[in-house]
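This is what each chain is made of:
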Amino acid sequence: MAKSLNKNRMLGSKVAIALTIGTVFLSRQYWPEETPYHEIFELTGTVLVALCAIGRIYATAFLGGFKNEMLVTHGIYSIMRNPLYFFTLLGVTGVALMSNHLSVIIGLPLFFVILYSGLIQREQAFLQEKFGDEFLAYKKKTRALIPNFSHYTAPQVIEINPRYIGKAFMDAIWWLMALPLIEFSEYLQEHHILPTFFIG
């Protein structure tokens, strides 16, 4: 079940990435570089993507490779049940803002919400079946995506699997590649190396 959920998530994410790259490279920005909105959206997006990259590493440290083996309820998992998805939403919104394409700003976060809301529900059903009353008690006091910092608890020592932290760092690098890629598309369009077919 867990592997099936992950495959569906990865497939949906790849579709979203392909559509976003296609829009960014083949259409003109809704807010061109000379407009003040362009810089505001780019700066805001960069901050959100940075928070996404750092947050996903932090959440992975607490998860420690124990996903689906034990119910992790400490650290960042004590303030929300799905921190990896929360930080992914920040990253998706950040990439959308950095693109300065109206269709991406509206479409990419919306795609995420549709894809991940169903995924979260299916994961909850899986965890409830696996962990029973322990998960129900956790679900009752901890919200899915909205952090409640007053609930934060963490042990003094946690076990970390270096392999998963390494993967999290590689994941962070991919997120941080979004801005250079968008800047590269702008360069190609400004120098008429790449045609644009519509205003995105």
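Structure shown above.
Residues numbered from 1 in each chain as written. Predicted model: local features only at pLDDT ≥ 70, side-chain atom pairs only at ≥ 80, totals over all residues. Heavy atoms only, no water.

Trainee: Any chance you could explain helix α4 (residues 102-131) here in plain terms?
Mentor: Every α-helical turn comprises 3.6 residues, leaving residues that sit three or four positions apart pointing alike. Taking 1.5 Å as the rise per residue, α4 with 30 residues should run 44 Å; its terminal C-alpha atoms sit 42 Å apart, in good agreement. A positive backbone phi angle near 60° is found at Gly132, which sits one or two residues after α4. (Helix = DSSP H or I, 4+ residues; strand = E, 2+ residues; numbered from the N terminus. Expected span 1.5 Å × (residues − 1).)

Trainee: Would you take a moment to explain the packing of aromatic side chains for this structure?
Mentor: Enumeration over the complete set of coordinates arrives at nine aromatic pairs. Ring centres 5.2 Å apart and planes at 75° place the aromatic pair Phe86 and Phe87 in the edge-to-face group. In terms of burial, Phe86 and Phe87 fall into one category: buried. Here a set of aromatic residues connected by ring pairs shows up, and it is made of Tyr30, Trp31, Tyr37 and Phe41. Above the plane of the ring of Phe131 lies Lys130, whose end atom (NZ or CZ) is 5.9 Å from the centre. The aromatic ring of Tyr164 is capped on one face by Arg163, whose charged end is 5.2 Å from the ring centroid. (Phe/Tyr/Trp six-rings, centres within 6.5 Å; stacked < 30°, edge-to-face > 60°. Buried < 20%, exposed > 50% of the residue type's maximum accessible area, 1.4 Å probe, protein only. Lys NZ or Arg CZ within 6 Å of the ring centre and 35° of its normal.)

Trainee: Got a minute to help me understand the nonpolar core in this structure?
Mentor: Side chains of a nonpolar character, in soluble globular proteins, are inclined to be buried together. Residues Tyr85, Val95, Met98, Ile105, Leu108, Tyr116 and Trp175 are the most contacted members of the largest nonpolar core, which totals 26 residues. Counting only elements with at least two residues in this core, the list comes to α1 (2-26), α2 (36-63), α3 (83-99), α4 and α7 (178-190). The biggest single contributor to this core is α4, with eight residues. For Val95, the residues in contact, after removing those within four places along its chain, are Val49, Leu108, Trp175, Ala178 and Ile182. Counting residues in hydrophobic clusters, the runner-up holds 17 residues, among them Phe62, Ile79, Met80 and Leu84. (Core = buried A, V, L, I, M, F, W, Y, C linked by side-chain atoms within 4.5 Å. Contact = heavy atoms within 4.5 Å.)

Trainee: What should I look at first to understand the packing of α2 against helix α6 (residues 162-176) in this one?
Mentor: The description of two helices packed together rests on the angle between their axes and the distance between the axes. Two numbers describe how α2 lies on α6: the axes approach to 9 Å, and their chain directions differ by 170°. In terms of their interaxial angle, α2 and α6 are classed as roughly antiparallel. Residue-level inspection shows Val49, Ala50, Cys52, Ala53, Arg56, Ile57, Thr60 and Ala61 of α2 in contact with α6, the latter providing Tyr164, Ile165, Ala168, Phe169, Asp171, Ala172, Trp175 and Leu176. Residues that form the contact of α2 with α6 fall into these classes: 13 nonpolar, one polar and two charged. (Axes fitted to C-alpha atoms, helices over the stretch in contact; angles between N-to-C directions. Parallel < 35°, antiparallel > 145°, perpendicular 65-115°, else oblique. Nonpolar A, V, L, I, M, F, W, Y, C, P; charged D, E, K, R; others polar.)

Trainee: I would appreciate a short explanation of the pattern of salt bridges in the present structure.
Mentor: Pairs may arise between side chains of opposite charge once their charged atoms sit close together. Under the definition given, this model contains one salt bridge. Between Asp171 and Arg56 there is a salt bridge, with the nearest N and O atoms lying 2.8 Å from each other. You can see Asp171 sitting in helix α6 and its partner Arg56 sitting in helix α2, a full 115 residues away along the chain. Owing to a relative accessible area of 24%, Asp171 belongs among the partly exposed residues under this scheme. (Salt bridge = Lys/Arg side-chain N within 4 Å of Asp/Glu carboxyl O.)

Trainee: Is there a simple way to explain the packing of α6 against α7 in this structure?
Mentor: Two elements in contact, α6 and α7, have axes separated by 4 Å at closest approach and are oriented at 25°. Regarding the angle of α6 to α7, the classification is roughly parallel. In this structure, α6 contributes Trp174, Trp175 and Leu176 to the contact, and α7 contributes Ala178, Leu179 and Pro180. Residue classes in the contact of α6 with α7 are distributed as six nonpolar, no polar and no charged.

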